[in-house]
Amino acid sequence: MRARIEDVAAAAGVSMKTVSRVFNREPNVREETRLRVEEAARQLRYRPNSSARSLAGRRSYLISLLYDNPSSNYIMEIIEGVLAACEQAHYGLTLRPVDFGRRGHVESVEGLVNQYRPDGLVLTPPLTDDLPLLRRLRELDVRYAGISAKRNNARIGATLDERAAVADMMAHVVALGHRRIAHITGHRSHGARAWRLAGYLDGLNQAGIEPDPALVIEGEFSFESGIAGARRLLDLDDPPTAIFGANDDTACGVIYEAAARGLAVPDQLSVFGFDDTPMSRQVWPSLSTIRQPSRDMGRIAARQLLDEISGHGAGGIVRLPYQLQIRHSTGPVPQRR
């Protein structure tokens, strides 16, 4: 027989109201009591009735994750983190792709809010910097948390010092002897594009290398744009000895094009990316990259949103650490071109 709230209360030695307060994440519940209730619920395999909770608390106990990003690897990592936070708080999650470049996307999000009544939204790039969307959410009094917002567009969420991370990776590649280092950028609408391009230029400047506009190619954070960008760069009369893809998908596209041309990575061309998605460890040679803790960023952003919904959030943007992952795709500059 399915466990009831009365069973959890009896097992934990508390009142039903206390159990309800624990699952609704209300403030002023002692940590010891909360842990005892959660353990009793786990032992009894108790799950709160979302419909009853919604009626009693005037909440939907649902949040929505909005995304428009060509990298499925990145989005999956974010989703896993948000789901972990929702599971802990006994919240449901809906996923909603939003075409940032399509006319009417703000109205589409408003329709989602009106239909499902989520208690809040988690926004991923480039939606974190979509000013018309953010303005409308504030007008509707919809709470939201942002991931990697380019500007101060969110009071809560998670971010990373991407500029410093890229500059550090550039220093490593320069130390290998590379001077002709190219960059395939991300999509112009994404805040990460500006940060990673700035880090690339910082790295050149710190090494005393004059930037060459021919070595910066527009990309879209996609595998296909990595292939297209690599073709343009490798067709130059003086091609680069190293290429920085704005994310792992882009960098893997570069490796693909290098293999198609018979170029050995890293013996004839070094390649590095950003994100440290599973793809970076599944390709060969494995990709040198910068670890962006995307799963943690999703979890923290959702946790902050849920805390704010329950009325005891501290607020603020959490800046997470990065880590260089030096693998097999980067090596010393070739002695001969």
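Nothing here was measured: the structure is a model prediction, and the numbers come from that model. (Residues numbered from 1 in each chain as written. Predicted model: local features only at pLDDT ≥ 70, side-chain atom pairs only at ≥ 80, totals over all residues. Heavy atoms only, no water.)

### Here we look at the nonpolar core
Ranked by internal contacts, the top residues of the largest apolar core, which has 60 residues, are Ile63, Val122 and Tyr200. Element by element, the count of residues in this core is highest for helix 5 (residues 72-89), at eight residues. Excluding residues that lie within four positions of it along the chain, Tyr200 makes contacts with Val166, Met170, Ile181, Ala182, His183, Leu215, Val216 and Phe244. Core analysis: the second largest hydrophobic core is formed by 15 residues, Val106, Leu127, Val142 and Ala154 among them. (Core = buried A, V, L, I, M, F, W, Y, C linked by side-chain atoms within 4.5 Å. Buried < 20%, exposed > 50% of the residue type's maximum accessible area, 1.4 Å probe, protein only. Helix = DSSP H or I, 4+ residues; strand = E, 2+ residues; numbered from the N terminus. Contact = heavy atoms within 4.5 Å.)

### Section: helix 13 (residues 294-310)
Under the 1.5 Å per step criterion, the end-to-end length of helix 13 is 24 Å for 17 residues, consistent within 8% with the ideal 24 Å. Summarising burial for helix 13: 14 of the 17 residues are buried, a large majority. Positive backbone phi, approximately 90°, marks Gly311, located one or two places after helix 13. (Expected span 1.5 Å × (residues − 1).)

### So, the sheet that holds strand 9 (residues 270-272)
An order of 7-6-8-9 is seen for the four strands of this open sheet, with the pairing classed as parallel. For this open sheet the edge positions go to strand 7 (216-217) and strand 9, each flanked by a neighbour on one side alone. Bridge count between strand 6 (residues 181-184) and strand 8 (residues 242-245): four bridges; the pairing is parallel. Paired with Ala182 across the two strands is Ile243, which belongs to strand 8. Against the sheet, helix 9 (residues 191-206) contacts strand 6, strand 7 and strand 8, and its axis sits at roughly 175° relative to strand 6. (Pairing = 2+ DSSP bridges. Axes fitted to C-alpha atoms, helices over the stretch in contact; angles between N-to-C directions.)

### Remarks on helix 2 (residues 16-23)
For the α-helix, the turn length of 3.6 residues means that residues three or four positions removed from each other point alike. Along helix 2, the positions that sit buried rather than exposed are Thr18, Val19, Val22 and Phe23. Down the axis of helix 2, the buried side of the element spans an arc of 135°, and every buried residue falls inside it. (Arc of directions from axis to C-beta.)

### Topic: the side chain of Asn247
Here Asn247 shows up in the loop between strand 8 and helix 11 (248-260). For Asn247, a relative accessible area of 2% puts it in the buried group. There is a polar contact of 3.1 Å between the side chain of Asn247 and the backbone oxygen of Phe221. Leaving out residues up to four positions away in the same chain, Asn247 has contacts with Ser71, Arg196, Phe221, Ser222, Gly273, Phe274 and Asp275. (Polar contact = N/O pair within 3.5 Å; in protein donor to acceptor, adjacent residues only side chain to side chain.)

### Some details on the pattern of salt bridges
Enumeration over the complete set of coordinates arrives at 24 salt bridges. Linking Glu218 and Arg193 is a salt bridge whose minimum nitrogen-to-oxygen distance equals 2.6 Å. One end of the pair, Glu218, is in the loop between strand 7 and helix 10 (223-234); the other, Arg193, is in helix 9, with 25 residues separating them in the sequence. Residues Asp307 and Arg303 are paired through a salt bridge, measuring 3.4 Å at the closest nitrogen-oxygen approach. Here Asp307 and its partner Arg303 are both found in helix 13, four residues apart, which amounts to about one turn of the helix. Salt bridges linked by common partners bring Arg231, Asp235, Glu257 and Arg261 together as one network. (Salt bridge = Lys/Arg side-chain N within 4 Å of Asp/Glu carboxyl O.)

### Observations concerning the packing of helix 6 (residues 105-116) against helix 7 (residues 131-139)
Look at helix 6 against helix 7: their axes get within 9 Å of each other, and the N-to-C directions meet at 30°. The pairing of helix 6 with helix 7 is recorded here as roughly parallel in orientation. Here helix 6 and helix 7 pass one another in a crossing that is right-handed. Residues Val106, Val109 and Glu110 of helix 6 form the contact with helix 7, whose own contacting residues are Pro132, Leu133, Arg136 and Leu137. (Parallel < 35°, antiparallel > 145°, perpendicular 65-115°, else oblique. Left-handed = near helix turned anticlockwise from the far one by under 90°.)

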